[in-house]
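# Coordinate inspection notes
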Amino acid sequence: MAILINRDTRLITVGLTGKQGTFHTLQSRDYGTNVVGGVTPGKGGTIHEGIPVFNTVFEAMNETRANAAMIFVPPPFAADSIIECIDAGMPLIICITEGIPVGDMVKVKAALQGSKSRLIGPNCPGVITPGECKIGIMPGHIHMPGNVGVISRSGTLTYEAVYQLTQRNIGQTTCVGIGGDPVNGTNFIDILEMFQKDPETKAVIMIGEIGGTAETDAARWIKANMTKPVVSFIAGAAAPKGKRMGHAGAIISGEDDSAEAKFKILQECGVTIARSPAELGAKIAEVLKK
Amino acid sequence: MNVHEYQAKDLMRKYDIAVLQGGVADTPAQAVEVAKKLGGSVWVVKAQIHAGGRGKGGGVKLARSIEEVEKYAKEILGMQLITHQTGPEGKKVLKILVEQGCAIDHEYYAGIVLDRSVGKFCMMVSTEGGMEIETVAHENPEKIIKAYIDPATGFTPAHGRKLGFALGLKGETLKKANKFFEGLYRLYVEKDCSIAEINPLVTTKDGDVLALDAKLNFDDNALFRHPDIEALRDITEESEQELEAGKYGLSYISLDGNIGCLVNGAGLAMGTLDILKLHGGSPANFLDVGGGATKETVQKAFTIILQDKNVKAILVNIFGGIMKCDIIANGVVDAAKELGINVPLVVRLEGTNVALGKKILAESGLKITAADDLADAAAKAVAAAKGGK
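So, here is what we can say about the structure in this document. The numbering scheme is per chain: residues are counted from 1 as the chain's sequence reads. Whichever chain is written first is A, and whichever ligand is written first is 1; the rest continue in order. This being a predicted model, a pLDDT of at least 70 is required before a residue's local features are given, and a value of 80 or more before pairs of side-chain atoms are given or counted; all residues contribute to the totals for chains, interfaces and linings. As a rule here, side-chain values cover all heavy atoms of the structure and leave hydrogens and water aside.

### Comments concerning the overall build of chain A
Note the following rule: Only DSSP runs of H or I reaching four residues or more are called helices, and only runs of E reaching two or more are called strands; each is numbered from the N terminus. For the radius of gyration, the atoms used are the C-alpha atoms, and the globule rule reads 2.2 Å times the number of residues raised to 0.38. Relative accessible area decides the class of each residue, using a 1.4 Å probe on protein chains only: under 20% of the type maximum gives buried, over 50% gives exposed, and in between gives partly exposed. By definition in these notes, contact holds between two residues if any of their heavy atoms fall within 4.5 Å. In this description, accessible areas are obtained by the Shrake-Rupley approach with a 1.4 Å probe, and a residue is regarded as covered only by the protein chains that are shown. For the charge count, each Lys or Arg is scored as positive and each Asp or Glu as negative, with His and the chain ends excluded. Lysine's charge is taken at NZ, arginine's at CZ, aspartate's at CG and glutamate's at CD.
Scanning chain A from terminus to terminus reveals 9 helices and 14 strands. On C-alpha atoms alone, chain A measures out to a radius of gyration of 18 Å, which is about the 19 Å that the 2.2 N^0.38 rule sets for 290 residues. Counting only C-alpha atoms and orienting by the principal axes, one finds that chain A spans roughly 55 × 40 × 30 Å. For chain A, the residues scored as buried account for 64% of the 290 residues in total. Restricting to contacts in chain A with at least 6 residues of sequence separation, those with at least 24 account for 73%. Carbon and sulfur atoms provide 49% of the accessible area of chain A, an area that totals close to 10500 Å². Charge-centre separation for chain A: the mean point of 27 positive side chains lies 4 Å from the mean point of 27 negative side chains.

Listed below in structure tokens is the structure:
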């Protein structure tokens, strides 16, 4: 089962022929992902590393019946590529690009309303269903198939959590990086809902950050709707107020979005909290035993 | 990116947003010249630094004669202005803004921010002008009136009426307020602002609506399409190390502890600071080398970390995804050799090409403490900093 992506996923890469696009598309293909095409305007009709290239997403979808797109387009043009995918009716869009202007994402968010597309990211590591399909930049070998769902706003911190699980021989259903930007396509609640419905997923790790209310909204949703155990870590307890910690989203602006406040609400809503990112694996092992 | 009040007001004039006439000066003589040119009998002399709370710190003075303009200009220029946003060391005032006075009838608040929960820009107004908006939001949330703006429609007169009537405005003043709000939204979107805050927004005895103060921040990710905004950057207001780091694609923030940190990824970098604190340590910095780091950027990262004389140990924590462990390992080895790192170095590598990375470190002949996992790395770094030379 898993969520979002599996063996039937047919992937195209937008921005295939760039250095990063090529490297990570090949890594994904090596992992077992069915890469059916790529898009680079002006290079349509050519073959790149054995992958057919098209000028537009629309054309690529028509020719390949792709049902997922991975975007590796530089930040000034990335929002345009996302909108191109939405226009073409691409069901799943995963945007890896970091540094898209917020104003562009506000427009993308509006374009997503009422569309057929789901956007994951931007500024995210992507999505992986271990053993079946990898779309993104995460190191495939640290994952293993299993029953824990992982959702995170951070890339490397997700790898950290996954690695701890795999070390303990605990596999993952699907790992989803929703991205560290203030405006993104998919929030924690959307993914939690999918994990709740997925019969294979037995427990979920949710990794959040300071800034915004996404984690506290998720906490309240979990309390009302979720029967599966959730373990959560919030990064940024040691961050000084008002400083942007790398991710554009990670800035404490009001009282309610500090790590302390988020930990408190998560705990009140029945979520198992890990105060240290090194405890995530152990905490999941605990809740799975119950 | 932040700009000064006088720069924000210059931009606002271009969008037909009403502000007072004024001019910037960096000497008392210039201030007098500006005041004479403006005419009138009352002027305001305002320190130009990138921080709020300037009035309370003594950086804003009302002058009732040209002599007073000169006197206050002399006092404020060169002073070390301390406000709740500058930190205890304060900021040196290098420029002042001299403005016409005006007869204030009422003070309000107006601002635009992104509401992340809905992914839309939100214009907020309040009758509680001159107060910190965070305080109002906390104590009297009902006194903040919001209008969410759909990017497809932009700001419409209906948004303006909603906000204007809520402030109790009417007639010509309401129309002027609507024009003010519309202009502010247009500026915000066209120039990719991240914050616009007019506090206070005032109505005058003559029925005008204008910005008494103005704060604009800009989205760093959008500066590539606004060279005019980039040109307003005042490097005297920014941390030298943070600027230097930015040139190499590193994200660096100085903190007050003694353990230097070099991490890949913002989330893991934050998590590393957290776990150091949980182990009783104190991080000296946040540093995210990013995914595209090379040997050179790793070396630069070490140089920046070592400029902080409080650093007693360095923790390198890398989980290679895009970033390959061998590149980091080579960077660490080269930096250690060339820079002569003389504080304990704890390195934890995991992920892509980890075996190769560990081999490079082991064969380097350098004194590097290898750590097995995140908790082990934190414990070793804290111990090293405590026993530090």
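Back to the text.
### Notes on the side chain of S152 of chain A
Residue and element names in this part refer to chain A. Where we set the bar: By the criterion applied in these results, polar contacts are pairs of N or O atoms within 3.5 Å in which, for protein atoms, one can donate a hydrogen and the other can accept it, and in which residues neighboring in sequence qualify only through two side-chain atoms.
Checked against the element boundaries, S152 lands in strand β10 (residues 145-152). Here the side chain of S152 touches T158 through a polar contact of 2.9 Å, side chain to side chain. Non-local contacts of S152, meaning those with residues more than four positions away in its chain, are made with T158, V176, G177, I178, G179, F188 and I207.

### Notes on the nonpolar core
The cut-off we apply is this: Grouping buried Ala, Val, Leu, Ile, Met, Phe, Trp, Tyr and Cys residues that are joined through side-chain atoms within 4.5 Å yields what is termed a nonpolar core.
Formed by 96 residues in total, the largest nonpolar core has its most connected members in L192, I205 and I284 of chain A. Among residues more than four places away in sequence, those in contact with I284 of chain A are V148, L165, I170, A203, V204, I205 and V231 of chain A. In terms of nonpolar packing, the next biggest core, distinct from the first, is built from 70 residues, M90 of chain A together with F121, M123 and Y185 of chain B among them.

### A few points about the sheet that holds strand β7 (residues 118-120) of chain A
The line we're drawing: Strands were regarded as paired on the criterion that DSSP finds at least two bridges between them.
As summarised here, the arrangement of the 7 strands in space is β3-β4-β2-β1-β5-β6-β7 (chain A), forming an open sheet in which the pairing is mixed. In this open sheet, the two strands that pair with only one neighbour each are β3 (47-48) and β7 of chain A.

### Re the packing of helix α5 (residues 157-166) of chain B against helix α6 (residues 171-190) of chain B
All names here are of chain B. Short version of the rule: Between the N-to-C directions of two axes lies an angle of 0 to 180 degrees, each axis being a line fitted to C-alpha atoms and, for a helix, fitted only over the stretch in contact. Here the angle decides the label: under 35 degrees means roughly parallel, over 145 means roughly antiparallel, 65 to 115 means roughly perpendicular, and every other value means oblique. In this scheme the handedness of a crossing depends on how the near helix is turned from the far one: anticlockwise by less than a right angle means left-handed, clockwise means right-handed. Put simply, Ala, Val, Leu, Ile, Met, Phe, Trp, Tyr, Cys and Pro go in the nonpolar bin, Asp, Glu, Lys and Arg in the charged bin, and everything else, Gly too, in the polar bin.
One can describe the packing of α5 onto α6 by two numbers: an axis separation of 9 Å at closest approach and a directional angle of 120°. Classed by the angle they form, the pair α5 and α6 counts as oblique. In this structure, the crossing between α5 and α6 has a hand that is right-handed. Of the residues in α6, those in contact with P157, G160, R161, L163, G164 and F165 of α5 are L174, N178 and F181. A class-by-class count of the residues in the contact of α5 with α6 yields 5 nonpolar, 3 polar and 1 charged.

### Concerning the side chain of T174 of chain A
Residues and elements named next belong to chain A. By secondary structure assignment, the location of T174 is in strand β11 (residues 172-177). Here I3 takes part through its backbone nitrogen, which lies 3.0 Å from a polar atom of the side chain of T174. Side chain to side chain, T174 and T129 meet in a polar contact 3.1 Å long. When residues no more than four places from it in sequence are discounted, the contact partners of T174 are A2, I3, V127, I128, T129, P130, V148, G149, V150 and F195.

### What to know about the interface of chain A and chain B
Our working rule: When two parts are brought into contact, each loses some accessible area as probed by a 1.4 Å sphere; the total of that loss over both is the buried area. Salt bridges are identified by distance alone: a Lys or Arg side-chain nitrogen within 4 Å of an Asp or Glu carboxyl oxygen.
Between chain A and chain B, the residue contacts involve 52 residues of the former and 45 residues of the latter. Summed over both sides, the interface between chain A and chain B buries roughly 3700 Å², with carbon and sulfur atoms accounting for 66% of that surface. Across the chain A-chain B interface, the total number found is 2 salt bridges. Here R348 of chain B makes a salt bridge to E160 of chain A, at a shortest N to O gap of 2.7 Å. In this structure, the connection of chain A to chain B is made through 9 residue pairs in polar contact (both at pLDDT 80 or more). Elements with a contribution of two residues or more to the side of chain A that touches chain B: α1 (19-31), α4 (102-112), α5 (156-167) and β13 (230-235) of chain A. A total of 7 residues in the side of chain A that touches chain B trace back to one element, the largest contributor, which is α4 of chain A. Each residue belonging to the side of chain A that touches chain B can be placed in one class, and the counts come to 26 nonpolar, 16 polar and 10 charged.

### Quick word on helix α13 (residues 374-386) of chain B
Since the α-helix advances by 3.6 residues per turn, residues separated by three or four positions end up pointing in the same direction. Spelled out, the test is: Every helix has an expected span of 1.5 Å times one less than the residues it contains.
For α13 of chain B, with 13 residues, the first-to-last C-alpha span of 18 Å sits near the 18 Å given by 1.5 Å per residue. Residues of α13 of chain B that are buried: L374, D376, A377, A378, A381, V382, A384 and A385 of chain B. Packing partners of the buried residues in α13 of chain B comprise α5 of chain A together with β14 (259-263), α9 (266-278), β16 (313-320), β17 (345-351) and β18 (368-370) of chain B. For α13 of chain B, the N-terminal capping position is held by D373 of chain B, with its side-chain oxygen 3.2 Å away from the main-chain nitrogen of A375 of chain B.

### Structural notes on empty space enclosed by the protein
Note the cut-off: Put simply, the grid is 1 Å and covers the protein atoms alone, a cavity is a trapped set of points that fit a 1.4 Å probe, a pocket is an open set with protein on both sides within 12 Å along at least five of seven lines, and lining residues have an atom within 4 Å of a point. Grid points are joined across faces, edges and corners, and a volume is the space filled by probe spheres set on the points.
Considering all chains together, one arrives at 2 cavities of 30 Å³ or more under this definition. If you go around the largest cavity, the residues you meet are F23, H24, Q27, K134, I137, M138 and P139 of chain A together with G321 and T352 of chain B. With 3 residues, α1 of chain A is the single largest residue contributor to the lining of the largest cavity. Of the volumes computed, that of the second largest cavity is approximately 50 Å³. The wall of the second largest cavity is formed by P125, G126, I128, M138, H143, T158, Y159, V162, C175 and G177 of chain A. Elements with a minimum of two residues in the lining of the second largest cavity: β8 (126-129), α5 and β11 of chain A.

### A short note on the packing of helix α7 (residues 214-225) of chain A against helix α8 (residues 259-268) of chain A
Residue and element names in this part refer to chain A. Two elements in contact, α7 and α8, have axes whose closest approach is 9 Å; the angle formed by their N-to-C orientations is 5°. Taken together, the axis directions place α7 and α8 in an arrangement best described as roughly parallel. On the side of α7, the interface is formed by E215, T216, A219, R220 and K223, while α8 contributes K262, I265, L266 and E268. Within the contact of α7 with α8, the residues separate by chemical class into 3 nonpolar, 1 polar and 5 charged.

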